[in-house]
Every structure is written in structure tokens, then in C-alpha cells.
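# Structural overview
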Number of protein chains: 2
Amino acid sequence: MTPTEAYAALVRRSKEIGIIHSCAALLSWDQQTYMPPQGARWRGEQMAYLSALAHQKLADPQVGEWLAQVESSTLTADPQSDEAANIREWRRSYERAIRVPAALVEELARVTTAAQQVWQEAKAQNRYKAFQPHLERIVSLKREEAHALGYSGHPYDALLDEYEPGMTTEEVRSLFTHLTRELTPLIQRWSESARRPDTSILRRDYPVERQRIFAEAAAAALGFDFSQGRLDVTAHPFCTGIGPGDCRITTRYNPRYFSEAFFGVLHETGHALYEMHLPAEHAGTPLGTACSLGIHESQSRLWENQVGRGRPFWEHFFPRLQQTFPHALADISLETFYFAINEVRPSLIRVEADEVTYNLHIVLRFELETEMLTGNLQVADLPGAWSEKMQQYLGLTPPDDTQGCLQDIHWSFGGIGYFPTYTLGNLYAAQFMAAAKAQLGDAELMRDFRNGQFRRLREWLIDHIHRHGQRYRAQELCQRATGEPLRTEPLLTYLREKYEPLYGS
Amino acid sequence: MTPTEAYAALVRRSKEIGIIHSCAALLSWDQQTYMPPQGARWRGEQMAYLSALAHQKLADPQVGEWLAQVESSTLTADPQSDEAANIREWRRSYERAIRVPAALVEELARVTTAAQQVWQEAKAQNRYKAFQPHLERIVSLKREEAHALGYSGHPYDALLDEYEPGMTTEEVRSLFTHLTRELTPLIQRWSESARRPDTSILRRDYPVERQRIFAEAAAAALGFDFSQGRLDVTAHPFCTGIGPGDCRITTRYNPRYFSEAFFGVLHETGHALYEMHLPAEHAGTPLGTACSLGIHESQSRLWENQVGRGRPFWEHFFPRLQQTFPHALADISLETFYFAINEVRPSLIRVEADEVTYNLHIVLRFELETEMLTGNLQVADLPGAWSEKMQQYLGLTPPDDTQGCLQDIHWSFGGIGYFPTYTLGNLYAAQFMAAAKAQLGDAELMRDFRNGQFRRLREWLIDHIHRHGQRYRAQELCQRATGEPLRTEPLLTYLREKYEPLYGS
């Protein structure tokens with residue numbers, strides 16, 4: 001077999017694995033949307049089978065042989081080539097697949113399946129003690145997993161790499177430390193300002209069917225193509241790319257709260273635009289796959305916050321919103337509405353936090369999970385450590401663990417290393433937006449938004465982010481798109497420029 | 001490996017193939033319900049992959065070795081055992097999978113994919129000539145397939161066996177000849193009777209949302225468990241069993257015609273009750289799989305026609321129907337309605353035919369497809385032969401091929417051998433219903449129906465049909481359930497007893 005043939009075999013295998021994953025993605029979408037309740041058990045069998053099949057196809061020793069053959073050839077000599085990028089990512093996935101012993105994979109699957117069930121009950125009943133032994137086992141298994149995967153710096157590096165390939169714990173810590181130092185006084189100033197928005201206007205009657213029609217129109221205006229996608233209702237909103245030409249988003253409607261569904265739809269639309277503009281000809285290979293969770297999240301945050309909570313956006317949409325919800329908004333001015341959707345207020349629950357305080361929720365989780373992983377923080381001491389940090393960062397103390405360390409599902413499914421990608425997404429989003437403004441013209445872009453036009457921004461994102469798939473690691477993608485490595489300043493500048501006028505300083 | 005181990009390996013492989021098929025079933029359901037239009041191409045890749053994977057898992061030489069080892073052991077000595085039934089059906093599937101050369105399988109897939117596209121256009125434009133070369137190729141390939149599969153009597157036996165295992169062409173011909181001879185004068189008498197129902201009452205305004213609610217309530221009354229299933233809307237109604245606890249049906253609503261959706265839902269509910277009561281512990285193996293298409297169709301026809309077009313059923317449901325559609329039905333009597341839904345009238349289109357004339361549409365197709373397969377009828381002469389037989393059986397001549405030999409999709413996907421199962425279903429349904437009445441008491445059963453109670457009939461069907469899966473071939477199942485082999489008399493008796501009072505003789 002020649003190196004070219006080995007490469008072709010890897011492409012075929014990669015597409016095969018991609019198809020298996022895409023079948024699982026559709027099954028998972030169905031499970032959360034339309035599956036009848038009693039279908040859950042069989043669905044579990046289907047999912048377990050597809051997951052094992054994909055793992056077997058990836059961890060196959062033949063894949064290792066094909067990789068070695070291509071790597072020792074001249075096929076990957078040009079680091080900018082398609083071949084080099086695909087081989088780099090296949091090597092990474094292959095190593096992750098073969099280094100973790102099958103017994104550990106199975107034990108993790110078993111333990112986290114049970115833990116999610118226990119977590120749900122523990123959260124409902126505010127009983128951290130019930131969840132604690134499960135979390136202890138998960139942390140211990142993830143520590144084993146990190147050792148099996150290997151790392152040069154911090155054991156957390158090995159876990160972070162699953163979600164943000166190439167990023168290190170030290171880099172995250174450095175970014176987060178700076179961000180925290182700068183954000184803390186801003187949050188204090190804004191949340192203690194005498195100027196307060198009237199957020200009660202968002203909690204009037206917003207009939208669900210009208211919410212749906214308005215949100216679909218906004219998603220379509222941003223570029224969501226409903227001939228290639230759908231919007232459905234689920235308990236927990238998400239976006240899933242099934243394959244080229246098929247990307248689905250979900251939301252949930254609250255008839256007495258406008259923000260929940262609408263900004264959720266903008267968020268998922270941002271994810272979907274990324275999926276919809278990955279190069280279809282590379283579907284199933286790294287070049288046709290999103291770069292990292294942080295970059296994915298940058299797309300959702302950019303459209304939700306940078307665009308969708310901006311004044312120009314609402315200069316276009318607010319009159320239409322008033323026409324759609326005359327009973328709720330006829331007496332409300334654009335300025336009142338704009339301030340209401342941009343309240344800064346420390347709160348206990350991450351998923352309800354505003355775009356400023358949100359980041360400190362992430363910093364807190366990052367610090368706690370790294371400390372648990374190294375053993376510097378005992379799992380038994382998590383609730384106390386959580387309260388202490390909430391007080392330190394946001395000046396609040398959770399009244400119970402349900403509103404504290406039990407609020408998120410992530411640790412129960414073993415997702416240690418996942419949280420940082422949310423704030424990395426915020427940082428990337430601000431830096432991308434600043435670069436797009438610099439390159440396309442700030443005034444021109446804002447005029448676009450005021451006219452309900454988003455084509456130029458979308459095309460900039462397609463050109464600089466979406467179409468590259470995994471050709472570059474996130475850091476290099478950022479450098480190429482913005483001319484700089486990832487920094488905290490663009491986010492801090494964006495926040496200051498937006499909120500200082502609102503809060504008076 | 002011991003025979004017991006070989007049998008266990010076969011069970012595992014069979015469940016694996018069952019899971020793959022069930023993933024494909026969900027993907028296919030999604031394609032027809034909610035998939036965005038541009039997802040079709042990728043969906044094709046997913047379906048092709050799963051189909052090839054299932055074939056590879058079945059045609060694996062190891063399967064042949066396991067089969068041989070079990071067959072030469074004492075494990076299958078008792079023909080009534082689980083092992084004997086599973087081995088019998090695995091052997092049949094395995095032989096069908098390995099006997100047809102891969103090149104022929106691929107060529108058939110290629111030709112029928114193109115042919116379905118062409119058929120759709122040819123039907124829309126009434127251009128048989130455009131479809132003819134595709135059908136010629138399909139008939140020729142199906143002839144090759146029949147030879148590859150092997151047969152002892154008629155080449156059509158090999159194709160029929162895919163849908164109705166164990167049934168022969170000669171048996172079908174004998175049943176159909178007798179049925180035609182008896183039905184022809186009945187149809188003539190009833191359709192020429194001076195008594196005519198007023199079917200215009202079915203073509204009043206039936207608001208779609210009310211149709212849906214009424215149909216769901218009726219399906220639930222028959223036993224459709226909505227915690228294990230769904231009802232959705234598709235262009236072509238169907239039922240699909242995804243797996244234990246998950247069976248889905250579809251319909252289409254016509255706001256100006258009551259019968260289309262309602263009787264469609266009863267029909268699909270009959271299929272679904274069968275799927276829902278296959279033994280879950282045998283899921284993925286023959287013992288957990290429906291017996292044959294004819295038996296499957298018997299369940300849909302039984303609930304749609306024997307029950308759902310019967311007077312006792314409507315004694316319960318008609319007052320409720322009037323309450324649901326007061327504008328359409330307030331002035332209508334039960335008798336008028338009952339006669340309207342039971343009109344006997346020769347017509348050109350199979351799927352719109354009444355339960356009496358329907359069977360002659362099937363006899364016609366069976367005769368034409370067997371003759372095409374042997375070459376006694378040239379594909380070029382199909383339109384003429386179709387017209388001749390329509391005149392002979394139903395006294396009508398199609399004005400064009402769209403309403404003639406182009407009306408059905410089956411031949412375009414290579415489904416030669418499929419049509420007979422529809423009328424076999426009618427025959428089985430009548431024989432099962434007669435047996436249920438004899439065993440449970442006709443008067444008692446009809447009193448159940450008049451009270452909207454269907455539990456005893458349902459349980460009889462579960463006990464005599466559903467729970468056996470493929471333990472017995474259809475003929476033996478029929479013998480065990482009814483004490484007799486399949487006969488035409490029960491259907492003919494049922495029709496005479498129902499229609500002679502309506503039409504006066």
C-alpha cells in the first residue's frame with residue numbers, strides 16, 4: 001500500500017466514522033424531541049451500539065498503520081496541506097482512542113450513567129451528600145484517564161484537550177486571572193449603579209406561537225436556512241449538525257418571559273451557521289469538522305450577545321417586536337427595552353447570568369475542577385469552596401447546593417475540562433467581532449445591522465472561521481483571523497464601551 | 001465453539017443486525033416526517049452505509065459456520081423450540097443474502113433508485129414510454145435474482161418468498177382464482193343495485209385539527225399506546241416499528257374528506273398493535289419479528305375494515321363523531337353514514353378502492369407481474385394488458401396510464417412479489433376474525449365494540465398472532481389460530497353478510 005493509498009483508506013474510514021456519528025446525532029435529536037417515552041431503553045441500546053462501533057473503527061490497529069505510513073511519507077510535508085491537517089487530527093483522535101484502556105472507558109460509561117441519574121435527584125432534593133461519592137469516583141476515574149492520555153504540564157491539560165485541542169491549563173489560567181482582575185471592579189460598579197433597568201417588561205405576556213414566529217424570522221435574517229434546518233422544542237436547548245444540508249436547533253418557550261427562547265434561538269443560530277458553512281466536500285473528516293468547542297461557542301456568543309443584544313440590531317427589530325407583541329410592548333421605548341435585555345446583576349445560576357458576570361461563573365468552575373483533579377480540593381469540601389468563591393467573585397452565597405455546586409450537569413457526565421470553553425468562546429467572539437469591525441468598517445457593519453442585514457458579517461465569519469474546519473488549531477485560527485493570539489482586551493473593551501454608557505460610568 | 005456458543009453468537013449477531021435496521025428505520029421515519037429538504041443527500045449516504053453494514057454482518061461466512069454447527073446439533077431437534085424457529089429464519093435470510101451476487105445487488109440498487117425518479121415523472125406526465133426501458137431492466141434483473149435465489153416451482157416463488165416466506169405462486173393463484181370467480185358477480189350485483197349510498201356527506205368540511213384529535217382517540221381506544229408511539233403527518237401513510245416501546249404511525253389529512261385520514265389511522269393502528277405486542281425479549285431475532293407481510297396486512301385490514309367499517313364500531317363512535325363535527329354530520333343518521341363508508345363501486349385506483357373491489361386490483365397486478373417475469377408478457381405490452389384486465393374484472397378502461405399501470409410505486413423499486421400480500425392480508429383478516437368470533441362469541445364481541453371496548457379482540461390477536469413473531473410460518477400460524485389453512489370462504493362470507501343487507505341482495 002502506497003502512502004497515497006493509506007491516506008485514501010484513512011479518508012474512507014474517517015467518513016465511515018462520521019456517518020456513524022451522524023446517525024447517533026439524529027437518534028439523539030429524536031430522543032430529545034419526538035421519541036415516545038417508552039422508547040428510551042431501546043434507544044439506549046442503539047446509542048451504545050453506534051458508540052462502540054465508532055470506537056472500534058477508530059481504535060483499529062490498521063488506522064495506526066495507515067497513519068504511520070502517511071506520516072513517514074512526503075504527503076504531509078506541507079503543513080498547510082489538506083493531508084497535514086487531517087493527519088494531525090486523526091493522530092490526535094487515534095491516540096485518545098487507544099491510550100485509554102477499554103476497562104476504564106467502560107467503567108466511566110457505567111459510573112457516569114448512574115451519576116447523571118443520582119445528580120438529577122440530588123439536585124431536586126438539595127442533597128449533595130447523595131451525589132458526593134459518585135463525583136469522587138468520577139474525579140478519580142478522570143484522573144486515571146488523564147494519566148492514561150498523558151500530559152506534559154498539568155493533568156487537566158489531557159482533559160481540556162478533548163474540548164479545546166492544543167490549549168493548556170496554564171494558558172487558560174493566565175487569561176482567566178487577568179479577566180477576573182479586570183471584571184470584578186466593573187461588575188461591582190455596574191451592579192451598584194443607581195441606574196437600574198426595568199426588567200419586568202420582559203416578564204409580560206408573550207404568547208408562545210408569536211415568540212416562535214418572531215424567533216424564526218430573526219434566525220432567518222441572521223442566515224439560518226430553513227431548507228437545511230429546523231427549530232424544535234426541547235427541555236434543554238441545543239444545536240446539532242446531522243450532516244451537510246441538515247442542522248437542527250431547539251429552544252424552549254416561556255409564555256411569561258421573552259428572553260429565554262429568543263436569545264436562546266440567536267445563540268443556537270450562531271452554532272448552526274458554523275455547522276451550515278463547514279465545507280460539505282470534507283464532511284466526515286477533520287477538514288469538515290468544527291475547530292473546537294471554544295470556537296463553536298464563539299459563534300453562538302457572537303450572534304447572541306455581540307449582535308443580538310446590541311442597539312443596532314434592535315433599532316431594526318424592536319419596531320417589529322412591538323408589532324408582534326403590542327399588548328406587552330406598545331408603551332415601551334427602544335432604550336427601555338435595550339437596557340432591560342442588558343442588565344448586569346450578580347446571580348447564582350450560570351445559565352441565567354448576563355454576559356458580564358457569566359464569565360466569573362466559569363472561572364469559579366475552572367478553578368474548582370482543576371483543584372479537585374489534582375486532589376488539592378477534596379470532593380467532600382466542594383460545597384464550602386463553592387460558597388467561598390461565589391462570595392469572593394460575585395458577593396453572593398448560595399442558600400443551598402441546588403443553587404450552588406449541584407446546578408450543572410457537566411461533572412455528572414464526566415465533562416471535566418468542558419467549562420472553560422464557554423468563556424473562551426466569549427473571548428474569541430469579542431476578538432473576532434473587533435477584527436470584523438476593523439476589516440469591514442465599524443460604521444458600515446452597524447448600518448447593516450440597523451437595516452436588518454447580516455450578510456457581510458456572516459461572510460466574514462465563513463471566510464475566516466467556518467470554511468476552515470479543523471485546518472488550523474484554535475489559536476492559529478485566531479491569529480490568522482485577527483492578527484493576534486487570544487487576548488482578554490477585546491472582550492473587556494467591548495464590555496466597557498457597551499455598559500459604561502448604560503450605567504453612567 | 002460448542003453448538004450452544006454458536007447459537008449464542010448467532011443471537012448476538014442477529015440483535016446487532018436488528019439494531020442496525022432499527023437505526024435505519026428511525027432515519028427513514030425522520031426523512032419522511034421532519035428532515036429538512038436539503039438533508040436528503042446526506043441521508044442517502046447514511047442509509048446506504050447502514051444497509052451495506054447490515055448486509056455485511058449477515059452475509060459473513062462466520063454466520064454460515066455458526067448455522068451449520070447448530071443445525072448439525074441436537075439444539076434444533078424440537079421443531080417447536082425457540083432455537084429451531086430462529087435457526088430456520090436465520091438460514092433463510094442467510095441464503096437470500098449470500099446467493100445473490102454483490103454485483104447484482106448493486107445493479108438493482110442503482111437501477112431502482114433511478115427508476116423511482118423516472119416513474120414519478122412518467123406518472124405525472126402520463127408517459128409510459130419513458131418508464132418502460134427502466135421497467136424492462138428491473139424485470140430482467142429480478143429474473144436474474146430469482147434464478148440466483150433458486151426455486152422449485154415458478155421463478156416468482158423466489159421473489160414472493162421475500163415478503164411471504166413459504167407461500168408459493170401456485171397457492172396464491174389457486175386462492176386468487178377462486179376469489180375472483182366468486183367476487184365478480186357480487187361486485188356486479190352490488191355496484192348495479194338501485195340502492196346507492198350518499199357519499200357526499202364524507203366530503204363536507206372536516207377541520208384537520210378535529211380529525212387528528214378524533215383519530216388519536218379512536219387509535220387509543222383500539223389499544224394504540226401513545227407512550228410507546230406517535231402519530232405524524234406524511235405524504236404517504238405508514239407504520240414503522242423502531243424497536244420495543246417505540247412504534248410510529250403516520251397519516252395525511254384532507255380537510256374536505258373524512259375517510260382518508262381516519263381509516264388510514266385505523267389501518268396503521270392495526271399494523272402498530274402487531275409491532276407493539278411482538279415479544280420485546282426477542283427483539284432483533286426472528287422470534288421478535290413479524291411473521292410475514294401478509295400477516296402484517298391482516299392486522300391492519302382487520303382493524304380498518306372488519307372492525308372500523310362495521311356497524312357496532314359506529315354505534316359507539318358515530319354519536320361522538322357528530323359531536324366532533326356538528327356542522328358536517330348533525331343532520332345525518334348512523335345508517336346513512338354507515339352505508340356511505342361502505343360503498344362498493346369499481347374504480348381505477350387501487351388505494352382508493354373499497355374492501356370488495358380492492359382484491360381484483362391485486363389479482364390483476366399479480367397476474368401481470370408473474371407474466372412479465374416469465375416473459376409471457378412483454379413490458380412494452382403492459383398498458384394494453386392492464387386495460388384488458390381492468391375491463392374484464394371491473395368493467396372499466398383507464399383513460400390513461402397514470403390511472404392505469406403507472407399508478408403504483410412498487411415495480412419501480414423492484415417490489416415484484418409484494419402485491420399479493422395485500423389480498424392475502426384480507427383473507428387472513430377475515431379468517432382470523434371469524435375464528436375470534438367463534439372462540440369469543442360473536443354477540444359478546446359485537447357488544448364489546450358497541451361499548452367502545454376492544455380489549456378481548458386485541459388480546460385474542462396478541463395471543464394467537466402477535467406474541468409468536470416468526471415462531472411459525474404464516475400458514476402454520478393460520479392453522480393454529482383458526483384450525484384451518486388459509487381459505488377464501490371466510491372473506492366471501494363476511495362480504496356477503498355485510499353487503500347483501502346494504503344493497504338488498
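Residues numbered from 1 in each chain as written. Chains lettered and ligands numbered in written order. Predicted model: local features only at pLDDT ≥ 70, side-chain atom pairs only at ≥ 80, totals over all residues. Heavy atoms only, no water.

Looking at an unreviewed UniProt entry, one finds chain A named Metal-dependent carboxypeptidase and attributed to Thermogemmata fonticola. Here chain A is described in UniProt, under the heading Catalytic activity (unreviewed entry), as follows: "Release of a C-terminal amino acid with broad specificity, except for -Pro." Comment text from UniProt for chain A, heading Function (unreviewed entry), reads "Broad specificity carboxypetidase that releases amino acids sequentially from the C-terminus, including neutral, aromatic, polar and basic residues." (UniProt positions renumbered as here; feature names shortened; annotations may be inferred.)

### Regarding the interface of chain A and chain B
The partner chain B presents 37 residues to the 37 residues of chain A that form the contact. Between chain A and chain B, roughly 2900 Å² of surface is buried when both sides are summed, and carbon and sulfur atoms account for 64% of that area. Linking chain A with chain B are 4 salt bridges. For Arg43(B), the salt bridge identified is with Asp246(A), shortest N-O distance 3.5 Å. For the pair chain A and chain B, the number of links is 16 residue pairs in polar contact (both at pLDDT 80 or more). Elements that contribute at least two residues to the side of chain A that touches chain B include exactly α1 (3-33), α2 (40-59), β1 (229-233), β2 (239-243) and β3 (246-251) of chain A. Of the residues forming the side of chain A that touches chain B, the biggest block, 10 residues, is contributed by α1(A). When its residues are assigned to classes, the side of chain A that touches chain B shows 18 nonpolar, 10 polar and 9 charged. (Contact = heavy atoms within 4.5 Å. Buried area = accessible area lost by both parts, 1.4 Å probe. Salt bridge = Lys/Arg side-chain N within 4 Å of Asp/Glu carboxyl O. Polar contact = N/O pair within 3.5 Å; in protein donor to acceptor, adjacent residues only side chain to side chain. Helix = DSSP H or I, 4+ residues; strand = E, 2+ residues; numbered from the N terminus. Nonpolar A, V, L, I, M, F, W, Y, C, P; charged D, E, K, R; others polar.)

### Remarks on the packing of helix α9 (residues 208-222) of chain B against helix α10 (residues 258-276) of chain B
All names here are of chain B. Packing of α9 against α10 brings their axes to within 10 Å, and their N-to-C directions diverge by 30 degrees. In terms of orientation, α9 and α10 fall into the roughly parallel class. The crossing of α9 and α10 is right-handed. For the pair α9 and α10, contact is made by Gln211, Phe214, Ala215, Ala218, Ala219 and Leu222 and by Phe258, Ala261, Phe262, Val265, Leu266, Thr269 and Leu273, respectively. (Axes fitted to C-alpha atoms, helices over the stretch in contact; angles between N-to-C directions. Parallel < 35°, antiparallel > 145°, perpendicular 65-115°, else oblique. Left-handed = near helix turned anticlockwise from the far one by under 90°.)

### What to know about the pattern of salt bridges
Scanning the entire structure with this criterion turns up 90 salt bridges over all chains. Close ionic contact of Arg311(A) with Glu335(A) constitutes a salt bridge, the shortest N to O distance being 2.9 Å. Linking Arg311(A) in helix α12 (residues 311-324) with Glu335(A) in helix α14 (residues 334-340), this pair joins segments that are 24 residues apart in sequence. Arg456(B) is paired through a salt bridge with Asp448(B); the nearest N and O atoms lie 3.0 Å apart. Judged by relative accessible area, Asp448(B) falls into the buried class, the value being 13%. Among the charged side chains, a network of salt bridges with common partners joins Arg88(A), Glu89(A), Arg92(A), Arg96(A), Asp161(A), Glu162(A) and Arg473(A). (Buried < 20%, exposed > 50% of the residue type's maximum accessible area, 1.4 Å probe, protein only.)

### Quick notes on the relation of the copies chain A and chain B
Least-squares fitting of chain A to chain B yields an RMSD of 0.0 Å, with the superposition described by an axial translation of 0.0 Å and a rotation of 180 degrees. The superposition of one copy onto the other is thereby described by a two-fold rotation axis. (Least-squares fit on C-alpha atoms with pLDDT ≥ 70 in both.)

### Thoughts on the domain arrangement of chain A
Residues and elements named next belong to chain A. For chain A, the assigned domains read domain 1 (3-150) and domain 2 (170-503). Taken over C-alpha atoms, the centre of domain 1 sits 26 Å from the centre of domain 2. Across the contact, 37 residues belong to domain 1 and 44 residues belong to domain 2. Counting each side, the surface lost to burial between domain 1 and domain 2 is near 3500 Å², with a carbon and sulfur contribution of 59%. Three residues, Trp29, Trp119 and Tyr128, lead the burial of domain 1 against domain 2; their summed loss comes to 19% of the area buried on that side. (Domains from an automatic or database assignment.)

### Quick look at empty space enclosed by the protein
All chains considered together, the criterion is met by 6 cavities of 30 Å³ or more. What the largest cavity holds in volume is close to 60 Å³. Arg301(B), Asn305(B), Gln306(B), Glu355(B), Asn426(B), Ala429(B), Leu491(B) and Tyr494(B) are the residues that line the largest cavity. Secondary-structure elements contributing two or more residues to the lining of the largest cavity are α11 (293-307), α17 (420-440) and α21 (489-503) of chain B. Counting residues per element, the lining of the largest cavity draws most heavily on α11(B), which supplies 3 residues. Residues of the lining of the largest cavity, tallied by class, amount to 3 nonpolar, 3 polar and 2 charged. Its volume calculated, the second largest cavity comes out at about 50 Å³. Residue lining of the second largest cavity: Arg301(A), Asn305(A), Gln306(A), Glu355(A), Asn359(A), Asn426(A), Ala429(A), Leu491(A) and Tyr494(A), and that is the complete set. (1 Å grid on protein atoms, 1.4 Å probe; cavity = no way out; pocket = protein on both sides within 12 Å on 5 of 7 lines; lining within 4 Å. Points joined across faces, edges and corners; volume = space filled by probe spheres on them.)

### What to know about the UniProt feature "active site" (unreviewed entry) in chain A
All names here are of chain A. The feature "active site" (unreviewed entry), as given by UniProt, occupies Glu268 in the numbering adopted here. Note that Glu268 resides in helix α10 (residues 258-276). The class of Glu268 is buried, set by a relative accessible area of 8%. Among residues more than four places away in sequence, those in contact with Glu268 are Pro237, Phe238, Cys239, Ile249 and Thr250. Within the local environment of Glu268, its side chain forms a polar contact with the backbone nitrogen of Cys239, the two atoms lying 3.3 Å apart.

### Topic: the sheet that holds strand β1 (residues 229-233) of chain B
Residue and element names in this part refer to chain B. With mixed pairing, the 3 strands of this open sheet are ordered in space as β1-β3-β2. The open sheet is flanked by β1 and β2 (239-243), the only strands paired with a single partner. Averaged over all pairs of adjacent strands, the angle between strand axes in this sheet comes to 20 degrees, irrespective of strand direction. Pairing geometry for β2 and strand β3 (residues 246-251), over 4 bridges, is antiparallel. Bridging from a neighbouring strand, Gly243 pairs with Asp246 of β3. Across the sheet, α10 touches β1, β2 and β3, and the angle it forms with β3 is around 165 degrees. (Pairing = 2+ DSSP bridges.)

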